[in-house]
Structure formats: C-alpha cells, structure tokens
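# Residue-level structural notes
The residues making up each chain are set out below.
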Amino acid sequence: MRIWGFADSEMVRKSVKPHKNLKPLSYITETFTESVIREMTRICDAVGGYNLSQGFPDFEAPEEIKRAAVQAILNDCNQYPVTFGEPKLREAIARKVADYNKIKCSPETDITVTCGATEAMIATLKAIINPGDEVIIFEPFYENYGPDTILSGATPKYVTLYPPDWKYSPGELALAFNEKTKAIIINTPHNPTGKVFSRKELEEIAGLCIKWDCLAVTDEIYEHILYDGEEHVSIASLNGMGNRTITINSISKTYSVTGWRVGWAIANEEITGRIRKVHDFLTVGAPTPFQEAAASALTMPPTYYENLRLRYDQLRDFLFALLSEIGFKPFLPKGSYYIIAEADKLMERLAIKDDFSFSRKLIELTGVATVPGTSFYASPNKGLNQVRFAFCKKQETLKNVEKGLRRLCYL
Ligand SMILES: Cc1ncc(COP(=O)(O)O)c(C=O)c1O
C-alpha cells in the first residue's frame, strides 16, 4: 500500500489529473491504493491457487453457531436491528469482556455493535478525530489502519516494530507523542507479525497516553489465538485506561465467520455516543440474525478456545518448519495466524528485487498466494524482502501448499 497521508494532500491535489467532464473526485482517496490483499486474492482465484494471502479460514465454522444463525432467520429476526446492537448481544459482550478482558462496561451505554472490526475502527476514528490530529500506528501494520486514519482526517505517525521479536524502541515511541497526538492504535495479538504486546509494554504505552492525554484504540480481534503460553492483556484493563480506551473486537476470527460481519467497539458513554452516531449513518446496523448467532457464540465453553489454539498451534509449527526448510527466513508468531518471512535467498535465486514481483512469481511457480511485505509499511523501502503467509487453513490445504512450495527447491 502506498500512503501519503492527510498532511500531504495539498501535494496530491496538485498532482491529480482532472477528469474530462467532471469536477475532480475526492483528493483524499488519491492518497492510498486499493487493498493489496484483495488484489492477490483475485490473482490467486484466477489461477486456482492456494490463498494464503487473505486471513479467512477455509475450514467449517462451529456447527452450533451456524444452527443459531439459521434458527434466528427462521424465527424471523430479519429486520433492522437496534442500530447500536441487539440487547442480547450487547449483554453477552459485556459478560465476556468482564470475564476474559477484565473490562467493566455497561451494555446500555458503552457498546456499539458494528459491521465487523473494520467498521468499528473507521467509526471510532471518525468519532474522535479533528483535522490536524495525529494518530500513532506501529509499523508494520494491518493495512486498513493507514487509510482509516487518513479518511478520518488525521495524520498517521509510524513507530517501527523491529524483527525478530518485533519490539519497538521505547525512545522512538516516546518521541512519537506530542500535543497533536489524539490516539495510538494498538493491535494485539498483531497482524502481520504475530507479536503479542506484553503487560509491561502496554503499561508503558498507557503511561504515555495518560501523559499526553490521548486515547488508545485497540484492535483485539486475535485475542484467543495465542501460542507458547502467551497472555492476552487488554490495555483498557490497566490503571487509568478504562476511560481513554476504545476496545475493538469481532467474531470473525475467533469463530471462523469472517463473512458474517459482526464486531463491536467498547468505550465510555461519551465516546460511545459519538461512535453510535457515525455507525448509524454508515451502516445502520450489523445483520440481525448474525447478531443473534454471535450472542450464542460468546457462550461457547472453554474447550472451544483450547481446541482453537491447539489447531492453530499445529498449523503454525507446520508452516514455520516448511518455510525454514525451503529457504525463507520466517519469524515465529506468538499470536494471530500469520507468518512474516524474509525471502532474500529465494529472491536472489530468482533475480527478483521487490516483494510484489516475488509474490506474483510465487503464485506462478507454486500456486501459493501471499501478501507482499510493503503492503504493511508506509515507509518507503521497508518490507521489500518480506511476504506474509496466512495459515488459517485446513491441514490438507497446507499439505498442498507444501507440494507447491517444494517446487522452489528444484529451481
Ligand atoms: C487486525 C485486524 N483487524 C480487523 C480485521 C477485520 O476484521 P472484521 O472481519 O471483523 O472486519 C482483520 C482482518 O484480517 C485484522 O487482521
């Protein structure tokens, strides 16, 4: 993704070619490109390849919640929902976050149910940003955060996460904050690196938020996908943060239902009031029958989450070992279901110099679709030797991926 940001939109304004018979279209939409992940998915579908670019499971969603969705439709839960979320779902969310995330919130005033975490993020930023505000984003980042920030009128400021363990420099983080900082976006467990922010790191970030009087917007969509005994900590549960955090989540990843489009944002009453207004005008509401099913998903027993972790643990180990063996340099994720891998050796062998050409060549040679590394960076020249693999796939899919990738050994 190429992002210039709001601050430079004047430069973009001057460079946009006018349309023949139309006034110029929105300048701000000139400042970022279409999602690279969708583009890779299209190329992959065209060649009938294995899509390890987009983070959607190719295995079945849990039977119980599929039945709950069908039942909700049969029960005629088919009209507009309460715009900010059906009461049953908001109550289930409040119970779940009190238990798992140690966050106290009122289902009446503090929760907005949205069309996925995607809508929760843009609605939140639209609700809190004024032009000229700055938003801090850790880089590499989930590709939506750049355009979300720009569309809301803020200027993104990037703080690097350094491999192999994707730690940030405390000095660089402290320097990123100033009077203009309105918010910091946190994503833990993290896409694309698999970093799980430690309690100590989150306490440090919380200290800076309090010092500079700014908000934390935290995307915790992979909160149940953790490895090696890692602990998920919600920054909203830390001292002084309850009132200045917006916690975003969804059922997409935990319950393998990325197409249902049910997510939420939790924030204090004042912020929630703003988010609800934006949400109402953006989408009215998330699909009613899927909200019913989401409420029942949130009551799944602990064994469900244990099995989910176990499944991803095995898939992670399989793909990590495979990538290491065939000449990539993968970084072992601690959470989420992605592996970032450096491909210098393979790129050299193929005489390829950039991540896009490498990703395209990889589909052509092996049938395996990945995401080019630069899509996760705004800074030029970062990620040029990286690709991201999503391993939320059946064992048999990864076995086929193995067959494809092993072709690289005979080049
Ligand atoms: C970090 C992160 N946030 C949000 C999303 C999208 O979430 P949803 O499907 O709930 O809109 C994704 C999807 O890949 C993601 O990786």
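Our structure's up above, just so we're on the same page.
Calculation notes
Every chain is numbered independently, its residues counted from 1 as its sequence is written. pLDDT decides what is reported in this predicted model: residues at 70 or higher carry local features, side-chain atom pairs at 80 or more are listed and counted, and totals for whole chains, interfaces and linings draw on all residues regardless. Processing note: side-chain calculations cover all non-hydrogen atoms of the structure and skip hydrogens and water entirely. Note on definitions: salt bridges are taken to be side-chain nitrogens of Lys or Arg within 4 Å of carboxyl oxygens of Asp or Glu. Secondary structure is summarised from DSSP: a helix means a run of H or I of at least four residues, a strand means a run of E of at least two, and numbering begins at the N terminus for each. Buried residues are those whose accessible area, probed at 1.4 Å on protein chains only, stays under 20% of the maximum for their type, while exposed residues exceed 50% and partly exposed ones sit between those limits. For two strands to count as paired, DSSP must find a minimum of two bridges between them. Proximity is defined per residue: any heavy atom of the residue falling within 4 Å of a molecule or strand makes that residue near it. Distance and chemistry together define a polar contact, namely a pair of N or O atoms within 3.5 Å, with one atom able to donate a hydrogen and the other to accept it when in protein, and with adjacent residues in sequence counting only for side-chain atoms on both sides. Throughout, the Shrake-Rupley method with a 1.4 Å probe supplies accessible areas, and for residues the shown protein chains are the sole cover considered. The classification used treats Ala, Val, Leu, Ile, Met, Phe, Trp, Tyr, Cys and Pro as nonpolar, Asp, Glu, Lys and Arg as charged, and all other residues, Gly among them, as polar. Contacts were defined at the residue level, with two residues in contact if any of their heavy atoms lie within 4.5 Å. Between the N-to-C directions of two axes lies an angle of 0 to 180 degrees, each axis being a line fitted to C-alpha atoms and, for a helix, fitted only over the stretch in contact. Roughly parallel covers angles under 35 degrees, roughly antiparallel covers those over 145, roughly perpendicular covers 65 to 115, and oblique covers all other angles. Geometry of aromatic contacts follows a simple scheme: Phe, Tyr and Trp rings, the Trp one being its six-membered ring, pair when their centres are within 6.5 Å, and the pair is stacked under 30 degrees between planes, edge-to-face over 60, tilted otherwise. Lysine and arginine charges are scored as sitting over a ring when NZ or CZ, respectively, is within 6 Å of the ring centre and within 35 degrees of the ring normal. Multiplying one less than the number of residues by 1.5 Å gives the expected span of a helix. This arc is taken over the directions from the axis of the helix to the C-beta atoms.

## Overview of the pattern of salt bridges
In this structure the tally under the stated criterion is 20 salt bridges. Across the pair K88 and E292 runs a salt bridge, and its minimum N-O distance is 3.1 Å. Placement of K88 in helix 4 (residues 87-101) and of E292 in helix 10 (residues 288-297) is noted, with a sequence separation of 204 residues between them. Owing to a relative accessible area of 47%, K88 belongs among the partly exposed residues under this scheme. Residue E292 is classed as buried on the basis of its relative accessible area, which comes to 17%.

## Details of the sheet that holds strand 11 (residues 338-342)
The four strands lie next to each other as 10-11-14-13, forming an open sheet whose pairing is antiparallel. The outermost strands of the open sheet, each flanked by one partner alone, are strand 10 (329-330) and strand 13 (371-372). Relative to strand 14 (residues 386-390), strand 13 runs antiparallel, the two sharing two bridges. Bridge pairing in strand 14 links V371 to R388.

## Remarks on the site of the ligand
In the vicinity of the ligand there are 15 residues, among which T118, D219, Y222, S250 and R261 approach most closely. At a separation of 2.5 Å, an oxygen atom of the ligand approaches a polar side-chain atom of T118. Contacts to the ligand include R261, whose side-chain N or O atom sits 2.7 Å from an oxygen atom. Considered on its own, the ligand offers 400 Å² of accessible surface; in the complex 92% of this is hidden by protein. Sort the elements by how many residues they give to the shell around the ligand and helix 5 (residues 116-128) lands first, with three residues. A breakdown of the residues in the shell around the ligand according to their chemical character gives six nonpolar, six polar and three charged.

## Some thoughts on the side chain of E342
Here E342 shows up in strand 11. Note on E342: relative accessible area 13%, which makes it buried. Excluding residues that lie within four positions of it along the chain, E342 makes contacts with F328, K329, F331, N385 and Q386.

## Section: the packing of helix 11 (residues 302-325) against helix 14 (residues 395-406)
Where helix 11 contacts helix 14, the axes come no closer than 11 Å and their chain directions differ by 5°. Regarding the angle of helix 11 to helix 14, the classification is roughly parallel. Note on element contacts: helix 14 touches helix 11 through Q395, L398, K399, E402, L405 and R406, opposite Q314, L315, F318, L322, L323 and E325. In terms of residue class, the contact of helix 11 with helix 14 is built from six nonpolar, two polar and four charged.

## Quick notes on the packing of aromatic side chains
For the structure on display, the rule yields 18 aromatic pairs. Measuring from centroid to centroid gives 5.3 Å for Y222 and Y337, while their planes differ by 75°, and the two rings are edge-to-face. Here Y222 is found in the loop between strand 7 (215-219) and strand 8 (245-250), whereas its partner Y337 is found in the loop between strand 10 and strand 11, with 115 residues between them in sequence. Taken together through their ring pairs, the aromatic side chains of F59, Y222, Y227, Y312, Y337, Y338 and F391 make up a single cluster. Above the face of the F84 ring, R276 is positioned so that its terminal group lies 3.7 Å from the ring centre.

## Observations regarding helix 3 (residues 63-74)
With 12 residues, helix 3 ought to run about 16 Å at 1.5 Å a step, and its terminal C-alpha atoms sit 16 Å apart, in line with that. Three or more residues of helix 3 are buried, namely I65, A69 and A72. An end-on view of helix 3 places all buried positions within 65° of arc, on one side of the element. With respect to the buried face of helix 3, the exposed residues turned more than 90 degrees away are R67 and L74. The elements touched by buried residues of helix 3 are helix 10. Backbone geometry just downstream of helix 3 places D76 in the positive-phi region, at approximately 65°.

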